[in-house]
Amino acid sequence: MPFIDPATKPYPFCPGCSHSLVLDAIAKALEAVAADPRRTVLVSDIGCVGLADKHFAVHTFHGLHGRSFTYASGIKLARPDLLVLVLVGDGGCGIGGHHLINAARRNIGIKVLCCNNHNFGMTGGQHSVTTHCGAKTPTTPLGAVERPFDLAALVTAAGGTFVARAKAVEKGFEALIAQAFRHDGFAFVDLWEICTAHYMPANAYKKSALEARLAAGGLETGVLRCTAFPEYAQSLRIQPTAEAAVAAPQDLSIQWSHRLEAPTYGLVIAGSAGMKILSAAGRVARAAIRSGLWVSAQDDFPVTVQSGHALATLQFGREPLDAVGSQPPDAVLILSAEGLREVQEVLPQLAPTAWILAVEGLALPPSPAPVTRLALAGIDRLSWAMAAVAQWLQRRPIFPLEALRAELALLSDERVRAAQLRALECGAGTPVAEGATAT
Ligand code: SF4
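Residues numbered from 1 in each chain as written. Predicted model: local features only at pLDDT ≥ 70, side-chain atom pairs only at ≥ 80, totals over all residues. Heavy atoms only, no water.

## Re the sheet that holds strand 3 (residues 83-89)
- In spatial order, the strands read 2-1-3-4-8-7-9; together these 7 strands make up an open sheet with mixed pairing. The open sheet is flanked by strand 2 (59-62) and strand 9 (222-226), the only strands paired with a single partner. Strand-to-strand, the axes of this sheet are offset by a mean angle of 15°, without reference to chain direction.
- Here strand 1 (residues 40-44) pairs with strand 3 via 5 bridges, running parallel. Pairing of L42 across the sheet is with L85, part of strand 3.
- Sheet strands touched by helix 1 (residues 19-32): strand 1, strand 3, strand 4 (111-116) and strand 8 (187-192). Its angle to strand 3, the strand with the most contacts, is close to 170°.
- Relative to the sheet, helix 2 (residues 68-78) contacts strand 1, strand 2, strand 3 and strand 4, its axis offset from that of strand 3 by approximately 180°. (Pairing = 2+ DSSP bridges. Helix = DSSP H or I, 4+ residues; strand = E, 2+ residues; numbered from the N terminus. Axes fitted to C-alpha atoms, helices over the stretch in contact; angles between N-to-C directions. Contact = heavy atoms within 4.5 Å.)

Structure follows, in structure tokens:
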């Protein structure tokens with residue numbers, strides 16, 4: 001099976017460009033490993049070598065500069081059975097360096113073939129991360145002062161399990177590429193090339209100069225590293241042990257009927273860190289969803305732990321929602337002074353039909369909405385949020401209390417479950433009379 005479609009030849013590269021040799025070598029290597037073209041994917045990066053796609057009779061993908069490693073990684077993770085190649089230049093290795101070293105570190109079984117001609121050929125020969133010290137390019141007209149990356153050493157240091165280097169200026173390196181294809185894990189082949197349009201004329205960089213650079217740097221060719229380590233995509237598929245088994249997704253099927261008549265309803269629960277504000281909001285959201293409502297949610301808290309405010313904003317809708325908290329809410333539950341600080345500017349904007357439920361002792365700003373003081377006597381502060389929610393839901397039953405009770409029954413910690421259910425029943429059993437407008 002010819003992996004290069006003869007009808008697409010000749011290649012579009014400049015006369016003498018090493019890319020032609022590389023494409024021929026890849027095709028021969030694919031034949032040598034008896035690759036199945038229907039199970040082979042070539043991901044090409046930006047650059048002259050990115051023009052290779054149309055010549056190969058395999059699946060191809062062309063994306064953003066330096067991101068070829070990420071596309072290839074995604075393909076390999078989704079389909080570990082595929083042979084996934086990356087054809088990238090030294091420019092792409094610089095731009096996508098982070099992706100390269102992490103693909104190597106993880107040992108994702110992609111095969112990276114780097115056409116390393118020490119400059120950005122496609123855009124006019126600008127310097128790259130492998131441009132040699134002293135080399136002249138349009139962006140280093142007086143000679144580069146930066147030191148070049150040794151890409152093979154970089155990938156080795158990152159944990160690459162197969163690393164090789166070849167002089168891609170003469171035929172015969174396809175066997176090295178085939179070895180990379182056969183390797184079970186991440187493979188990187190640093191293919192030293194010549195850009196005959198730019199780097200060669202600007203720096204008298206012929207084959208002899210390339211060999212001199214290799215020798216001066218003590219850079220060997222051939223297989224530099226080949227070691228065994230579990231391939232990442234396969235490792236992810238190893239059967240988890242019973243202890244490590246991922247919990248089954250929570251059931252969000254609709255079990256109850258909601259009673260929301262308006263298109264939407266907004267609820268804010270404002271308190272302090274450690275009051276289980278956000279976990280209570282999560283259970284409210286799931287209960288609403290299981291009652292047929294759509295819910296959007298937003299949590300707000302400082303980066304600190306166990307200090308500062310905790311604010312949950314929920315929006316319930318009869319139809320799918322695309323925003324959260326865009327309107328003044330219909331109900332605000334205020335459980336602490338820190339929570340009040342976060343909502344005090346909202347309270348004057350509430351509609352007269354809205355409702356504020358606040359703990360005793362908080363001095364609220366004027367608001368058109370009526371205020372009810374929460375009855376929380378005998379309830380642990382950790383359960384105030386659930387008791388407040390129950391008092392709200394008792395008077396604004398947009399979904400049944402039973403749905404929330406069922407959510408709490410799913411709590412795995414027996415002590416927490418008992419406390420939350422008790423708070424729910426206390427809150428729901430508390431006669432609630434909506435109070436006077438705050439002044
Ligand atoms: S510009 Fe350089 S890298 Fe690009 S095709 Fe021409 S010789 Fe090759």
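## Some points on the packing of helix 1 against helix 6 (residues 174-182)
- Following both chains from N to C, one finds helix 1 and helix 6 inclined at 50°, their axes separated by 8 Å at the closest point. Taken as axis vectors, helix 1 and helix 6 run oblique relative to one another. Crossing geometry of helix 1 relative to helix 6 is assigned as right-handed. Contacts from A25, I26, K28, A29, L30 and A32 of helix 1 reach helix 6 at E174, I177, A178, F181 and R182.
- Here the contact of helix 1 with helix 6 is composed, by residue class, of 8 nonpolar, no polar and 3 charged. (Parallel < 35°, antiparallel > 145°, perpendicular 65-115°, else oblique. Left-handed = near helix turned anticlockwise from the far one by under 90°. Nonpolar A, V, L, I, M, F, W, Y, C, P; charged D, E, K, R; others polar.)

## Structural notes on the packing of helix 12 (residues 384-395) against helix 13 (residues 401-409)
- At their nearest, the axes of helix 12 and helix 13 sit 10 Å apart, and the two run at 160° to each other. As summarised for this structure, helix 12 and helix 13 are arranged roughly antiparallel, according to the angle between their axes. Along this stretch, helix 12 crosses helix 13, giving a crossing that reads as left-handed. For the pair formed by helix 12 and helix 13, the contact residues are M386, V389, A390 and L393 on the first element and L401, L404 and L408 on the second.
- For the contact of helix 12 with helix 13, a count of residues per class yields 7 nonpolar, no polar and no charged.

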